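Report on the structure
Read off the chains here:
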Amino acid sequence: MRGVVIHAPKDLRVEEIPAAPLGPRDVRVRIQAGGICGSDLHYYHDGGFGAVRIREPMVLGHEIAGTIDEVGAEIRRLTPGIRVAVNPSRPCDVCQFCREGLHQHCLDMRFFGSAMRFPHVQGAFRQSLIVNETQAIPMPTTLTTAEAAMAEPLAVCLHAVRQAGPLLGKSVLVTGCGPIGSLIVLSARYAGAADIVATDVTPFPLEIAERVGASSTINVAKDSAKLASHAQGKGTFHVLFEASGNEAALRSALDVVRPGGVVVQVGIGGDMKLPISVIVAKEIELRGSFRFDEEFEMAVELMGKGLINVKPVLTDTLSFERAVEAFELASDRSRAMKVQLSF
Ligand SMILES: [Zn+2]
Ligand SMILES: [Zn+2]
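These lines cover the structure that appears in this document, whether it is placed above or below. (Residues numbered from 1 in each chain as written. Chains lettered and ligands numbered in written order. Predicted model: local features only at pLDDT ≥ 70, side-chain atom pairs only at ≥ 80, totals over all residues. Heavy atoms only, no water.)

1. Points about the overall build of the chain
A count of helical and extended segments in the chain gives 11 helices and 20 strands. The globule rule puts the C-alpha radius of gyration for 343 residues at 20 Å, and the 20 Å found for the chain is close to it. Taken along the three principal axes of its C-alpha coordinates, the chain extends 65 × 40 × 35 Å. Expressed as a percentage of its 343 residues, the buried residues of the chain come to 52%. For the chain, the proportion of contacts with a sequence separation of at least 24, taken over those separated by at least 6, is 67%. Carbon and sulfur atoms form 53% of the exposed surface of the chain, whose accessible area is close to 14,600 Å². The positive charge centre, built from 35 side chains, and the negative charge centre, built from 38, are 1 Å apart in the chain. (Helix = DSSP H or I, 4+ residues; strand = E, 2+ residues; numbered from the N terminus. Rg over C-alpha atoms; globule rule 2.2 N^0.38 Å. Buried < 20%, exposed > 50% of the residue type's maximum accessible area, 1.4 Å probe, protein only. Contact = heavy atoms within 4.5 Å. Areas by Shrake-Rupley, 256 points an atom, 1.4 Å probe, with all protein chains shown as cover. Lys, Arg positive; Asp, Glu negative; His and termini not counted. Charge placed at Lys NZ, Arg CZ, Asp CG, Glu CD.)

Below is the structure:
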């Protein structure tokens, strides 16, 4: 079988990789769609992010869906032919945080295509993948495989929206409108936000943000005064979702958050300096959002019922044999949002 393997920054190869054995509680999934994530792009461009670095060749990819080919000897619930979204996270279920129901904080998490542990957990951009049965989530017949492969990034955004608390009738600002920012717009709209303003520094993502439900958009590279106009009084937004990971974006957004507002930091760049006096004086609550837990199955359900439509975010599909081209395209936000590989 062939897979997409990162060897070093800018050294991405489509090559032959070994097949893993099928355990009694595993299923073999023929992968059909795989979305390129921001973290995949960090491995591709920089060899990792923060302290997480590639130390051996690693198959990339964790946003995947496909069809079950074969099931392990003890599997009853799933059969070959069932189409599934694959949940890339496999928490240990026994550590302190798993037992508290905080699976995203598992001390022994295995996440496809992640260099956080060594040996790395090999990823899912491959023709066939072995997954534990708990990670294979049957998808409704109404969904395409490409949509099902959006379940992971959508789950990240549903989790972020949960971190914010109730959004019904609230005024929301989303800074950074890549795939995650756009999916936050969709999720916030679904959660009942009355007004959603989205910002970015390039026009193409802002067009997508409008198509998925932003009330208005601001290109802050050209028109930062338009954002500043929301600073009247002590600021107007109840909730800020910061999805750019950019310090300047967070700083300017803090000026337009109203007193008592909530900031959910979703994007991760490097470390940031924060104007603590603004956070103190306006009693702003700063909250992190990391990965997801049960929101994965929720994402599959909401898409399946037609309550959240991710199709406008999915702009391009290329064969996995053209992975390098696809990674370059996904890096160019002036013309692409979510880019998927087909297998
Ligand atoms: Zn992802
Ligand atoms: Zn655990």
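Additional details are given in the paragraphs that follow.
2. Remarks on the sheet that holds strand β16 (residues 237-242)
With respect to topology, six strands assemble into an open sheet ordered β15-β14-β13-β16-β17-β18, the strand pairing being parallel. Whereas interior strands pair on both sides, the edge strands pair on one side only; in this sheet they are β15 (216-219) and β18 (285-288). Recorded for the sheet is a direction-independent mean angle of 20° between the axes of neighbouring strands. Across the sheet, helix α5 (residues 179-190) is in contact with β13 (171-175), β14 (195-200) and β16; its angle to β14 comes to roughly 175°. Strand contacts of helix α6 (residues 203-211): β14 and β15, with the helix running at about 170° to β15, the strand carrying the most contacts. (Pairing = 2+ DSSP bridges. Axes fitted to C-alpha atoms, helices over the stretch in contact; angles between N-to-C directions.)

3. Observations concerning the packing of aromatic side chains
Applying the stated criterion across every chain yields a total of six aromatic pairs. Arranged with centres 6.5 Å apart and planes meeting at 85°, the rings of Phe125 and Phe327 form a pair that is edge-to-face. Residue Phe125 is located in the loop between β10 (110-111) and β11 (128-132), and its partner Phe327 is located in helix α11 (residues 323-330); the two are separated by 202 residues in the primary sequence. Under the relative-accessibility criterion, Phe125 is labelled buried at 0%. The buried category is assigned to Phe327, whose relative accessible area is 0%. Counting every residue linked through ring pairs, the aromatic cluster contains Tyr44, Phe125, Phe320, Phe327 and Phe343. We note Arg55 situated over the ring of Phe118; from NZ or CZ to the ring centre the distance is 4.3 Å. (Phe/Tyr/Trp six-rings, centres within 6.5 Å; stacked < 30°, edge-to-face > 60°. Lys NZ or Arg CZ within 6 Å of the ring centre and 35° of its normal.)

4. Thoughts on helix α8 (residues 247-254)
Taken together, the buried positions of α8 are Ala249, Leu250, Ala253 and Leu254. Considered in projection along α8, the buried side chains sweep an arc of 130° and stay on one side of the axis. Residues of α8 that are buried sit in contact with β13, β16, β17 (257-265) and α9 (276-281). Capping of α8 at its N-terminal end is provided by Asn246; its side-chain oxygen lies 2.9 Å from the backbone amide nitrogen of Ala248. (Arc of directions from axis to C-beta. Polar contact = N/O pair within 3.5 Å; in protein donor to acceptor, adjacent residues only side chain to side chain.)

5. As for the layout of surface pockets
A volume near 510 Å³ is recorded for the second largest pocket. Lining the second largest pocket are 23 residues, and of these Ala20, Phe112, Gln122, Leu129 and Ile130 sit closest to its centre. Elements supplying a minimum of two residues to the lining of the second largest pocket: β3 (26-35), β10 and β11. No other element matches β11, which puts five residues into the lining of the second largest pocket. A breakdown of the residues in the lining of the second largest pocket according to their chemical character gives 14 nonpolar, four polar and five charged. (1 Å grid on protein atoms, 1.4 Å probe; cavity = no way out; pocket = protein on both sides within 12 Å on 5 of 7 lines; lining within 4 Å. Points joined across faces, edges and corners; volume = space filled by probe spheres on them. Nonpolar A, V, L, I, M, F, W, Y, C, P; charged D, E, K, R; others polar.)

6. Overview of the coordination of the zinc ion (ligand 1)
Of the protein atoms, only Cys37 (SG), His62 (NE2), Glu63 (OE) and Glu152 (OE) coordinate the zinc ion (ligand 1), at distances of 2.2 to 2.5 Å. In this structure, the zinc ion (ligand 1) is coordinated by four donor atoms arranged in irregular fashion, with angles at the metal of 89 to 168°. Along the chain, the residues donating to the zinc ion (ligand 1) are arranged with the sequence spacing C-x24-H-E-x88-E. Of this pair, Cys37 sits in the loop between β3 and α1 (38-46) while His62 sits in the loop between β6 (58-59) and β7 (63-71); the two residues are 25 residues apart in sequence, bridging distant segments of the chain. Take Cys37 and His62: they sit in the same class, and that class is buried. (Donors = N, O, S within 2.8 Å, 3.2 Å for Na, K, Ca; no water. Tetrahedral: all angles 85-135°; square planar, octahedral: opposite > 155°, others 65-115°.)

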